[in-house]
Amino acid sequence: MSSLWHNLQFRRDHRWAPAHMSAYLDSELRARARARLEDHTADCPQCRRVLAELQTMLGLLRSAPPPELFAGGPAITTAVLRRLHEPVEH
């Protein structure tokens, strides 16, 4: 019976975990939810891989230079802002 319960819990947590990974990485989960995600990723290689990829992506984003340091950055920003304020044609 415990094997059946474990399988049901695993599948439920497998559906739940991806939607909560960002909050986990941002330290926005309460202790119980944090433990739930940690327990699941310890048992699930697929979710563990997704979490590791999100951690890598966040690390790369944090280490990237600010957008205005890229050539053409201000021009792109100006063009986007101009387009945002254009009237919408129907």
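In what follows, the structure referred to is the one given above.
Residues numbered from 1 in each chain as written. Predicted model: local features only at pLDDT ≥ 70, side-chain atom pairs only at ≥ 80, totals over all residues. Heavy atoms only, no water.

(A) Summary view of the overall build of the protein chain. Within the protein chain, the secondary structure is distributed over four helices and zero strands. Secondary structure elements of the protein chain, listed N to C terminal, follow the sequence α-α-α-α. Classification of the 90 residues of the protein chain by burial places 17% in the buried group. Within the protein chain, contacts between residues separated by at least 24 positions form 49% of all contacts whose residues are at least 6 apart in sequence. With an accessible surface of roughly 7,500 Å², the protein chain has 59% of that area assigned to carbon and sulfur atoms. (Helix = DSSP H or I, 4+ residues; strand = E, 2+ residues; numbered from the N terminus. Buried < 20%, exposed > 50% of the residue type's maximum accessible area, 1.4 Å probe, protein only. Contact = heavy atoms within 4.5 Å. Areas by Shrake-Rupley, 256 points an atom, 1.4 Å probe, with all protein chains shown as cover.)

(B) View of the environment of Asp13. Assignment of secondary structure puts Asp13 in helix 1 (residues 2-25). Judged by relative accessible area, which is 6%, Asp13 ranks as buried. Beyond its immediate chain neighbours, meaning those up to four positions away, Asp13 contacts Arg36 and His40. Within the local environment of Asp13, its side chain forms a polar contact with the side chain of Arg36, the two groups lying 2.6 Å apart. (Polar contact = N/O pair within 3.5 Å; in protein donor to acceptor, adjacent residues only side chain to side chain.)

(C) The nonpolar core, seen in detail. Trp16, Ala17, Met21, Ala23, Tyr24, Leu25, Leu29, Leu37, Cys44, Cys47 and Leu51 together form the largest nonpolar core, which totals eleven residues. For this core, the secondary-structure elements that each account for two or more residues are helix 1 and helix 3 (45-63). Sorting elements by how many residues they give to this core places helix 1 first, with six residues. (Core = buried A, V, L, I, M, F, W, Y, C linked by side-chain atoms within 4.5 Å.)

(D) Region of interest: the packing of helix 1 against helix 3. Put simply, helix 1 and helix 3 touch, their axes get as near as 10 Å, and they point 25 degrees apart. Overall, the two elements helix 1 and helix 3 adopt an arrangement that is roughly parallel. Crossing hand, helix 1 versus helix 3: right-handed. Every residue of helix 3 that contacts helix 1 at His14, Ala17, Met21, Tyr24 and Leu25 is listed here: Gln46, Cys47, Val50, Leu51, Leu54, Gln55 and Leu58. (Axes fitted to C-alpha atoms, helices over the stretch in contact; angles between N-to-C directions. Parallel < 35°, antiparallel > 145°, perpendicular 65-115°, else oblique. Left-handed = near helix turned anticlockwise from the far one by under 90°.)

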